[in-house]
Amino acid sequence: MTTRYRVEYALKTHRRDQLIEWIKGLLAVPFVLHSQPHGIFQSDTRAPSLEHMAEEAARRYAEIMRDVEVMIDDHMALQPLSGVDASSNLPAINKPPPSKLKLLVPSIGPFFTRLPLEAAFKYQDRKRYISSRRFVSPSFNDVRLILNSAQIMAVTTYSSLHLATFDGDVTLYDDGQSLEPDSPLVPRLLDLLRKGVRVGIVTAAGYTTADRYYVRLHGLLDALAITTELTPSQKSNLLVMGGEANYLFAFDPAAAPHYLRAVPRAEWLTPEMTAWSEADIAALLDDAEAALRECVKGLNLPATVMRKDRAVGIIPEPEGAKIPRESLEETVLVVQRLLENSLAGRRKAVPFCAFNGGRDVFVDIGDKSWGVTVCQKYFEKQAAASVSSSSTTQQPVTIRPENTLHVGDQFLSAGANDFRARSVGTTAWIASPSETVELLDELADLMGKKLS
Ligand code: IMP
Ligand code: MG
């Protein structure tokens, strides 16, 4: 049941996405003007037919999505070329003026592709009958799915997809579960690899050894090891990046029984990551641990603190206990604030990510923007090596943000870990593994059409 409490809770700023809320607000106007039930009974001949109302609403919704599409084009024309705001150090007079979209939605970030929102709306309207509804206005989920479709259309039309990265929990399997052999995602991930798309699983789950990742991902790893439909080079295009950006494993059919080969850090750390000193990492985790302990005490949480090599978190205790949602979010926001103001945090020597995992809270060293970047660089290096060792005329690949798609469930700006991936690639925001299945079907369909 949707209580007044739930509705109000969803309005809290840390639980809102400004762009989606803004688009939802725009669509509410034609909904009120065209779709709402009217006082005349349907049997009355003066009443407009349902089809007519739906057509009119669809036309107006599509027009609005087209207008937003054009505004995003304008925003892209004014944003700096790189995803990072390279203009931030320029004197004010040399900075490009903010776009209209930036003024209307101040939290808006960079876009790496244009978004065909009108076409995406029409696609989702055919699937979800948005404009046929008279009592329920276009919702947060409608807009989220339209944005996802637009992004999938864009990466297959305006650029090409070289790398797809996936979050683990809630994206590939239910929270805390594993990717089982009968998961419908297994054949779809294999299909991506078969089409030459590189795949990275970029999860917060931070384990130092391959066996633990095998437990979570065995359905996919076993299927990839035995299939004869993929070439060895396609098989080598799967990476697992754990602990956000801390442990890298490459798929290797020869590395039985877990099929994952640990890649030594020295081989994949970016130059910026090499500068994160062990002393700074330890200082940040010490501060995080102290802040988490304070929350456990202050909020009387049924939880215990878990310190790891590159992370610290609180997990429910005793087993089966449930930490209330509000307490999880409060803990994330408190810890985030304390860390930003701590000595280690103020020096900004090491990036960190504090997030609400649904049942637990973790602070990890690094974040998914680094995890996805490492996958981009790893695959670029691998492709360059195969070009130089082969006699064919293969081209080296550059995996730019517009060639990258990260799929995840955590995209709220505070206390969510997939959000950071937005700075290095395009993204799709799903809410369950079954939505990931639908998204991959949509993607396969578009890639198939492009090929034909
Ligand atoms: P993701 O959705 O794949 O990013 O996984 C997030 C979940 O992994 C968290 O909610 C935790 O339950 C679990 N987890 C296990 N180890 C770690 C860790 O070291 N850091 C963060 N999360 C962890
Ligand atoms: Mg997740």
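Residues numbered from 1 in each chain as written. Chains lettered and ligands numbered in written order. Predicted model: local features only at pLDDT ≥ 70, side-chain atom pairs only at ≥ 80, totals over all residues. Heavy atoms only, no water.

- The protein chain carries the name IMP-specific 5'-nucleotidase 1 in an unreviewed UniProt entry, which gives Coniella lustricola as its organism.
- Per UniProt, the protein chain has the following entry under Function (unreviewed entry): "IMP-specific 5'-nucleotidase involved in IMP (inositol monophosphate) degradation."
- Here is the UniProt Subunit (unreviewed entry) comment for the protein chain, exactly as written: "Homotetramer." (UniProt positions renumbered as here; feature names shortened; annotations may be inferred.)

## Topic: the overall build of the protein chain
Right, on to step 1. Within the protein chain, the regular secondary structure consists of 16 helices and 11 strands.
Right, on to step 2. By the compact-globule yardstick of 22 Å for 452 residues, the protein chain fits well, its C-alpha radius of gyration being 23 Å.
Right, on to step 3. With the C-alpha coordinates of the protein chain rotated into their principal frame, the extents come out at 75 × 65 × 55 Å.
Right, on to step 4. For the protein chain, the proportion of contacts with a sequence separation of at least 24, taken over those separated by at least 6, is 70%. (Helix = DSSP H or I, 4+ residues; strand = E, 2+ residues; numbered from the N terminus. Rg over C-alpha atoms; globule rule 2.2 N^0.38 Å. Contact = heavy atoms within 4.5 Å.)

## Side note on the sheet that holds strand β7 (residues 311-316)
To summarise the sheet geometry, strands pair through backbone hydrogen bonds and adopt either a parallel or an antiparallel arrangement.
Right, on to step 1. Strands sit in the order β6-β7-β9-β8 across an open sheet of 4 strands; the sheet is antiparallel. Each edge of the open sheet is held by one strand with a lone partner, namely β6 (303-307) and β8 (352-356). Shown here is a sheet whose adjacent strand axes are inclined to one another by a mean of 15°, direction ignored.
Right, on to step 2. Across 4 bridges, the pairing between β7 and strand β9 (residues 361-365) is antiparallel. Bridged to Val 312 within β9 is Val 363. (Pairing = 2+ DSSP bridges. Axes fitted to C-alpha atoms, helices over the stretch in contact; angles between N-to-C directions.)

## Examining the coordination of the magnesium ion (ligand 2)
Right, on to step 1. Here the magnesium ion (ligand 2) is held by Asp 167 (OD), Asp 169 (O) and Asp 409 (OD), and the distances to it run 2.2 to 2.3 Å.
Right, on to step 2. Donor residues for the magnesium ion (ligand 2) sit on one chain with the sequence pattern D-x1-D-x239-D. Separated by 240 residues along the polypeptide, Asp 169 in the loop between β1 (163-166) and α7 (185-194) and Asp 409 in the loop between β10 (404-408) and β11 (426-429) bring together distant segments of the chain. No difference in accessibility class separates Asp 169 from Asp 409, as the two residues are buried. (Donors = N, O, S within 2.8 Å, 3.2 Å for Na, K, Ca; no water. Buried < 20%, exposed > 50% of the residue type's maximum accessible area, 1.4 Å probe, protein only.)

## Comments concerning the state of the cysteines
Right, on to step 1. Tallied over the full model, the rule gives 0 disulfides.
Right, on to step 2. The thiol of Cys 353 is not disulfide-bonded; the next cysteine sulfur, from Cys 375, is found 16 Å away. (Disulfide = S-S within 2.5 Å.)

## Points about the site of ligand 1
Right, on to step 1. In the vicinity of ligand 1, 16 residues are found, and the nearest of them are Asp 167, Thr 203, Lys 308, Asp 360 and Asp 364.
Right, on to step 2. One of the side-chain nitrogen or oxygen atoms of Asn 417 is found 3.3 Å away from an oxygen atom of ligand 1.
Right, on to step 3. Burial of ligand 1 by the protein chains amounts to 92% of its free accessible area of 490 Å².
Right, on to step 4. For the shell around ligand 1, the per-class residue count stands at 5 nonpolar, 5 polar and 6 charged. (Near = heavy atom within 4 Å. Polar contact = N/O pair within 3.5 Å; in protein donor to acceptor, adjacent residues only side chain to side chain. Areas by Shrake-Rupley, 256 points an atom, 1.4 Å probe, with all protein chains shown as cover. Nonpolar A, V, L, I, M, F, W, Y, C, P; charged D, E, K, R; others polar.)

## So, a nonpolar patch on the surface
Right, on to step 1. Side chains of Val 29, Val 32 and Leu 33 sit close together on the surface and give an oily, nonpolar patch of about 290 Å² of accessible area.
Right, on to step 2. The residue Leu 33 is located in helix α2 (residues 18-35) in this model.
Right, on to step 3. Looking at Leu 33, the relative accessible area reads 61%, which means it is exposed. (Patch = residues over 30% accessible without salt bridge, like charges linked within 9 Å, V, L, I, M, F, W, Y side chains within 5 Å. Salt bridge = Lys/Arg side-chain N within 4 Å of Asp/Glu carboxyl O.)

## Things to note about the packing of aromatic side chains
Right, on to step 1. Scanning the entire structure with this criterion turns up 8 aromatic pairs.
Right, on to step 2. Taken together, Phe 140, Phe 411 and Trp 429 form an aromatic cluster joined through their ring pairs. (Phe/Tyr/Trp six-rings, centres within 6.5 Å; stacked < 30°, edge-to-face > 60°.)

## Quick word on the nonpolar core
Right, on to step 1. Core analysis: the biggest nonpolar cluster contains 46 residues, and Leu 248, Ile 314 and Val 363 have the highest contact counts within it.
Right, on to step 2. In this structure Val 363 touches Leu 285, Ala 288, Arg 310, Ala 311, Val 312, Val 335, Leu 339, Phe 352, Cys 353 and Ala 354, once residues within four positions along its chain are discounted.
Right, on to step 3. Judged by nonpolar contacts, the second largest core, of 44 residues, contains Leu 189, Val 197, Ala 210 and Leu 220. (Core = buried A, V, L, I, M, F, W, Y, C linked by side-chain atoms within 4.5 Å.)

## Some points on unusual backbone geometry
Right, on to step 1. The residue after Ala 256, namely Pro 257, is reached through a cis peptide bond having omega 5°.
Right, on to step 2. Tracing the chain through its elements places Pro 257 in the loop between β4 (247-251) and β5 (260-262).
Right, on to step 3. With omega at 0°, the peptide bond leading from Glu 317 into Pro 318 counts as cis.
Right, on to step 4. Of note, Pro 318 is situated in the loop between β7 and α13 (325-341).

## Digging into the packing of α2 against helix α3 (residues 50-78)
Right, on to step 1. For the pair α2 and α3, the least separation of the axes is 9 Å and the interaxial angle reads 155°. Accordingly, the angle class assigned to the pair α2 and α3 is roughly antiparallel. Of the two possible hands of crossing, α2 and α3 adopt the one that is right-handed. Facing Trp 22, Ile 23, Leu 26, Leu 27, Pro 30, Phe 31, His 34 and Ser 35 of α2, the residues of α3 in contact are Met 53, Glu 56, Ala 57, Arg 60, Tyr 61, Ile 64, Met 65, Val 68 and Met 71.
Right, on to step 2. For the contact of α2 with α3, the per-class residue count stands at 13 nonpolar, 2 polar and 2 charged. (Parallel < 35°, antiparallel > 145°, perpendicular 65-115°, else oblique. Left-handed = near helix turned anticlockwise from the far one by under 90°.)

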